[in-house]
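A look at the structure
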Amino acid sequence: ASDVYKRQEIYLPHKDEVDGIALSLPGFIDAEQGVVRGGGAPSLAYNVGTPVGPRLAEACGCRVWIENDGKAAAIAELERGVLKGCRNAAVFIIGTGVGGGLIIDGKLVRGRDCTAGEYSFMNTNADAWSDPTKSVACQCSTSGLLSSYRARKGLPADAPMDGRIFFEAVHAGETEANETLRSFCRAVAVQIYNLNVLLDLEKVAIGGGISAAEALLPAIQAELDWLFERCTVMPTVKPELVRCRYGNDANLIGALKLFFEQNPA
């Protein structure tokens, strides 16, 4: 509730200029009802079970549409971005966790419980089922990448670190940084491979803040190529790996697109 009123404070000075609000956020989002059903970052746990859309609409007095960030990004890329014209495709959003969006038969898939495409919750080791470090959220996220780099460098967990510092070390040719990047991209490539086995994807679009780093996509591509070269059992065709056209704004653009679909002029 407090978060709703904070957003109200942002909105009210501009209420005469705004026709509605399109909001993208983590979690299992029931977009039709405007309710957060579950999931999302631990810091947003207060949203779970909350009708964020209706409450925000009531507080601000305007139309509101909310959508999961990964699904919104997929819509932006399908409608006007690098996935346009695709029948089966996916976005893989690398951030604090791992966001996802699946396009099947040219349409966004939400699922019965709004959980389709939540890659973060996939487990990578059946022998360590309850170990959170074995989840895709830990192994394939920016936070996981930086945590691994700190460990490889022998730095404390609270040592200042971000994507810029890390990729500067990569470009400088630092061994620890490049080894960390290679290991990270192998983990991402394995999940892309698994998604492709299940869905026969034409393209996978990589998004999130670190997708802007020039070294990232070539490194993931190299690991994906390595995996497919050794695939002798299933005759899968490698999906095309691309960077989201709208980068870190894809989720915002997709949420706005969905808002206009539900609220035509």
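Quick caveat, the model's predicted, so the values are computed rather than measured. (Residues numbered from 1 in each chain as written. Predicted model: local features only at pLDDT ≥ 70, side-chain atom pairs only at ≥ 80, totals over all residues. Heavy atoms only, no water.)

1. So, the confidence of the model for the chain
Interpretation of this model should avoid reading the predicted coordinates in detail wherever pLDDT is low. Scored by pLDDT, the chain has a mean of 90; 94% of the residues are at 70 or more. Taking the mean pLDDT of every element in the chain, the minimum, 65, falls on helix 1 (residues 2-11) and the maximum, 97, on strand 9 (residues 240-243). (pLDDT = per-residue confidence, 0-100. Helix = DSSP H or I, 4+ residues; strand = E, 2+ residues; numbered from the N terminus.)

2. A closer look at the side chain of Gln191
Within the secondary structure layout, Gln191 lies in helix 7 (residues 175-199). In this structure Gln191 comes out as buried when scored by relative accessible area, which is 8%. Look past the residues within four positions of Gln191 in its chain and what remains in contact with it is Phe92, Met122, Thr124, Val136 and Cys140. (Buried < 20%, exposed > 50% of the residue type's maximum accessible area, 1.4 Å probe, protein only. Contact = heavy atoms within 4.5 Å.)

3. Topic: helix 2 (residues 52-60)
When we look at burial in helix 2, the residues that qualify are Val52, Gly53, Leu56, Ala59 and Cys60. Buried residues of helix 2, viewed axially, fall in a sector of 135 degrees; they line one side. One or two steps after helix 2, the chain reaches Gly61, where phi turns positive at roughly 70 degrees. (Arc of directions from axis to C-beta.)

4. Things to note about the nonpolar core
Residues Phe92, Phe166, Phe167, Leu181, Ile192, Ile206 and Leu216 are the most contacted members of the largest nonpolar core, which totals 40 residues. Mapped by element, the contributors of at least two residues to this core are strand 5 (89-94), strand 6 (98-104), helix 5 (142-153), helix 6 (163-171), helix 7, strand 8 (203-207) and helix 8 (216-229). Sort the elements by how many residues they give to this core and helix 7 lands first, with ten residues. Discounting residues that sit within four places of it in the chain, Ile206 has contacts with Phe92, Ile94, Ile192, Ser211, Leu216, Leu217, Ile220, Leu241, Val242, Arg243 and Cys244. Of all hydrophobic cores here, the second largest spans 21 residues; its members include Leu78, Leu108, Cys244 and Ala250. (Core = buried A, V, L, I, M, F, W, Y, C linked by side-chain atoms within 4.5 Å.)

5. What about the pattern of salt bridges?
Any two side chains of opposite charge can pair, so long as their charged atoms come close to each other. Counted by the stated rule, this structure contains 13 salt bridges. The partner of Arg112 in a salt bridge is Asp113, and the shortest N-O contact between them spans 2.8 Å. On the accessibility criterion, Arg112 (77% relative accessible area) is exposed. Residue classification places Asp113 among the partly exposed residues on the basis of a relative accessible area of 42%. We note a salt bridge from Arg230 to Glu229, for which the minimum N-O separation is 3.4 Å. In this structure, a network of salt bridges that share partners links the residues Glu79, Lys257 and Glu261. (Salt bridge = Lys/Arg side-chain N within 4 Å of Asp/Glu carboxyl O.)

6. A closer look at the side chain of Glu77
Positionally, Glu77 belongs in helix 3 (residues 69-80). Buried within the structure, Glu77 lacks any salt-bridge partner; Arg245 is the closest side chain of opposite charge, at an N-O distance of 5.6 Å. Of the polar contacts made by the side chain of Glu77, one reaches the backbone nitrogen of Tyr246; its length is 3.0 Å. Among residues more than four places away in sequence, those in contact with Glu77 are Val82, Leu83, Lys84, Val91, Cys244, Arg245, Tyr246, Gly247 and Ala250. (Lys, Arg positive; Asp, Glu negative; His and termini not counted. Polar contact = N/O pair within 3.5 Å; in protein donor to acceptor, adjacent residues only side chain to side chain.)

7. Here we look at the environment of Asp225
Mapped onto the fold, Asp225 is located in helix 8. Residue Asp225 is classed as partly exposed on the basis of its relative accessible area of 23%. Remark: the alpha-carbon pair of Asp225 and Cys62, spanning 163 residues in sequence, is separated by 49 Å. A distance of 2.6 Å separates a polar atom in the side chain of Asp225 from a polar atom in the side chain of Lys238.

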